[in-house]
Amino acid sequence: MTDDWQLPTVPAADASLPGSLELGAFSVSLAVADLDASRAFYEGLGFEVTGGDPAHDYLILKNGETTIGLFHGMFERNILTFNPGLTNRMERLESFTDVRRVQQHADEAGLAVADRADPSTTGPASIMLTDPDGNPVLVDQFF
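Summary of the structure given here.

Quick look at the sheet that holds strand β3 (residues 48-53) now. Strand order across the open sheet formed by 8 strands is β3-β4-β5-β2-β6-β10-β9-β8, with mixed pairing between neighbours. Both edges of this open sheet fall to β3 and β8 (113-115), since each of them pairs with a single strand only. Neighbouring strand axes in the sheet, compared pairwise and without regard to direction, differ in orientation by 30° on average. For β8 and strand β9 (residues 125-130), the ladder comprises 2 bridges, and the chain directions are antiparallel. For Asp115, the partnering residue across the bridge sits in β9 and is Met128.

Below you can see the structure in the form of structure tokens.
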């Protein structure tokens, strides 16, 4: 994600879309063996680098509203990632479901939250869950 946060802003997510809990922008974070080879592959599919830093072993690529992250040596498995406060068009939401509310919702649904956000804080935070098939699910709020 960019450090300057100079993103276009919209009031809120589109309430007409399905779902009972708005989780924000979705992306897949891929654990890659070779950052350059993966970049070339996804650029061959029309993706463009929009963020990240190869010197820090990661790149963010977009193709339309689809986002993938390429991460070398940072984690073992691919991760499903949600970013509260962002749309897939990379717009910052003025009003969004805070990650702590997502955590509370997961708790109420009986889901095990492995890495938890401190409910007494505000601002950036993240939580990590694992789906029944062992896929890590990260809810990562930047602001």
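With that out of the way, let us pick up helix α2 (residues 99-108). Restricting attention to buried positions, one finds in α2 the residues Val99, Arg100, Val102, Gln103 and Ala106. Down the axis of α2, the buried set is contained in an arc of 155°. They therefore lie on one face. Those residues of α2 hidden inside the fold are in contact with β8, β9 and β10 (136-141). A positive phi of about 80° marks Gly110, the residue just after α2.

What the rule picks out here adds up to 6 aromatic pairs. Summarising the aromatic geometry, the rings of Phe26 and Phe82 are spaced 5.1 Å apart at their centres and angled 50° between planes, so their arrangement reads as tilted. Linking Phe26 in strand β2 (residues 25-32) with Phe82 in strand β6 (residues 79-83), this pair joins segments that are 56 residues apart in sequence. Using a relative accessible area of 17% as the deciding quantity, one classes Phe82 as buried. Between Tyr58 and Phe71, the aromatic rings sit 5.7 Å apart at their centres with planes inclined by 5°, giving stacked as the arrangement.

The rules we used
Residues numbered from 1 in each chain as written. Predicted model: local features only at pLDDT ≥ 70, side-chain atom pairs only at ≥ 80, totals over all residues. Heavy atoms only, no water. Pairing = 2+ DSSP bridges. Helix = DSSP H or I, 4+ residues; strand = E, 2+ residues; numbered from the N terminus. Axes fitted to C-alpha atoms, helices over the stretch in contact; angles between N-to-C directions. Buried < 20%, exposed > 50% of the residue type's maximum accessible area, 1.4 Å probe, protein only. Arc of directions from axis to C-beta. Contact = heavy atoms within 4.5 Å. Phe/Tyr/Trp six-rings, centres within 6.5 Å; stacked < 30°, edge-to-face > 60°.

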